[in-house]
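# Examination of the molecular architecture
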Amino acid sequence: MPLPAPPGPCVLALDVGTSSVRAGLYDSSGTVLAGLPAERAAYGWTATPDGGMETDAERLFELAAGVVNAAVEGARETGVEIAAVAVSAFWHSLVGVDADGKAVTRVYGWGEMRSVPAALRLRERVDPGAAHARTGCFVHPSYPAAKLLWLREATGATLPRVAAWMSFGEYLELRLFGVRRCSLSMASGTGLLDLRALRWDPELLDAVGVEAEALSPLADTDAPTPPLLREWLRRWPELAGVPWIPPLGDGACANVGSGAVGPGRVGVSIGTSAAVRS
């Protein structure tokens, strides 16, 4: 009996969530391919006694690369063509890297509360209402704006080694492509993006003491995909030249996926964390 023909071109979807990373193959209708269940790898965060939420950047990258590897191997074995790679990742994270692209801080998550005093100081340096109007984010310890101010004061000798600050989604791409870029979606969850001008907000950057060059260049979802580094091209030749959408904020993706994208619609996410977004 002849084997069934493989489905048409599919999308490899990678989700870096707060408690696990997952990768699966989806057809043009958004349905996961039968016989190719999503690959999943669980991980944890360290909750420090003083309110920290942190995890290891390299370990998390290895888990993400591992589930992508498993999904690509599944596609290879079944003859499925991967037409694009789409990535979502948790919002509001922050990691510092050196000039060689190596992480020199931990990944600080959305639940990081050691930045509470810094958020209070930031509220004294900027007009909180005006900052919210420009960025869509409150001056709050969850957002990277407050985390940056806290880290400037708390990291001591580590800080001079930091050449760039980024979300984990950006770090993932840096390791795969060797270039920095930040999707507008991910940037919108930093508290540092001027939503109207679509640029890093000069007043907030000045208030937290960070130059715009220390943040990644902004990119939209249709930005050209840089070539994978040689190590990953050897491992995943199927992904050579395949469009790779810059990581999007998982909260935004949850709203799009649930249809809560217009006036009068609210999306409720209940997972490792819970959120209500409109």
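None of the values given here were measured: they were computed from a predicted structure. (Residues numbered from 1 in each chain as written. Predicted model: local features only at pLDDT ≥ 70, side-chain atom pairs only at ≥ 80, totals over all residues. Heavy atoms only, no water.)

### Structural notes on the packing of aromatic side chains
- Under the criterion given, the structure shown has eight aromatic pairs.
- Consider the rings of Y43 and W45, whose centres lie 6.1 Å apart with planes at 50°: the pair is tilted.
- Judged by relative accessible area, Y43 falls into the buried class, the value being 14%.
- Between Y108 and W150, the aromatic rings sit 5.3 Å apart at their centres with planes inclined by 80°, giving edge-to-face as the arrangement. In this pair, Y108 sits in strand β8 (residues 107-108) while W150 sits in helix α4 (residues 144-154), placing the two residues 42 residues apart along the sequence. Across the pair, exposure class does not vary: Y108 and W150 are buried alike.
- Among the aromatic residues, those joined into a ring-pair cluster are Y43, W45, F90, F168 and Y171.
- Sitting above the plane of the F61 ring, R175 keeps its charged end 4.2 Å from the centroid. (Phe/Tyr/Trp six-rings, centres within 6.5 Å; stacked < 30°, edge-to-face > 60°. Buried < 20%, exposed > 50% of the residue type's maximum accessible area, 1.4 Å probe, protein only. Helix = DSSP H or I, 4+ residues; strand = E, 2+ residues; numbered from the N terminus. Lys NZ or Arg CZ within 6 Å of the ring centre and 35° of its normal.)

### As for unusual backbone geometry
- Not every positive phi belongs to a glycine, and H92 is a case in point at roughly 70°.
- Counting through the fold element by element, H92 comes out in the loop between β6 (82-89) and β7 (95-97).
- Residues other than glycine seldom take positive phi values, yet L198 does so here, at roughly 55°.
- For L198, the location among the structural elements is in the loop between β11 (193-194) and β12 (199-200).

### Structural notes on the environment of G96
- Within the fold, G96 resides in strand β7.
- Put simply, G96 and A214 are 118 residues apart on the chain and 9.5 Å apart in space, counted from C-alpha to C-alpha.

### So, the nonpolar core
- Ranked by internal contacts, the top residues of the largest apolar core, which has 76 residues, are L12, I82, W165, F168, L176 and L192.
- Per element, the largest residue contribution to this core is eleven residues, and it comes from helix α1 (residues 57-78).
- Residue contacts for F168: discarding those within four places in its chain leaves V16, A57, L60, F61, F90, S93 and V107. (Core = buried A, V, L, I, M, F, W, Y, C linked by side-chain atoms within 4.5 Å. Contact = heavy atoms within 4.5 Å.)

### Quick notes on the pairing of strand β1 (residues 10-16)
- By the criterion of burial, β1 is predominantly enclosed, with five of the seven residues buried.
- Direction of pairing for β1 relative to β6: parallel, over a ladder of seven bridges. Considered in β6, the bridge of L12 is made with V85.
- As paired strands, β1 and strand β2 (residues 20-26) are joined by six bridges and run antiparallel to one another. Residue L12 lies in a different strand from β2, and its bridge partner there is L25. (Pairing = 2+ DSSP bridges.)

### Side note on the layout of surface pockets
- As a volume, the second largest pocket reaches approximately 450 Å³.
- Lining the second largest pocket are 17 residues, and of these A13, L14, D15, S88 and C253 sit closest to its centre.
- Of all elements in the fold, only β1, β2, β6 and α9 (250-258) reach the threshold of two or more residues within the lining of the second largest pocket.
- Per-class residue counts for the lining of the second largest pocket are eleven nonpolar, three polar and three charged. (1 Å grid on protein atoms, 1.4 Å probe; cavity = no way out; pocket = protein on both sides within 12 Å on 5 of 7 lines; lining within 4 Å. Points joined across faces, edges and corners; volume = space filled by probe spheres on them. Nonpolar A, V, L, I, M, F, W, Y, C, P; charged D, E, K, R; others polar.)

### Points about a nonpolar patch on the surface
- Together, M113, V116 and L120 make up an exposed nonpolar region whose accessible area comes to about 230 Å².
- Relative to the elements of secondary structure, M113 occurs in the loop between β8 and α2 (116-125). (Patch = residues over 30% accessible without salt bridge, like charges linked within 9 Å, V, L, I, M, F, W, Y side chains within 5 Å. Areas by Shrake-Rupley, 256 points an atom, 1.4 Å probe, with all protein chains shown as cover. Salt bridge = Lys/Arg side-chain N within 4 Å of Asp/Glu carboxyl O.)

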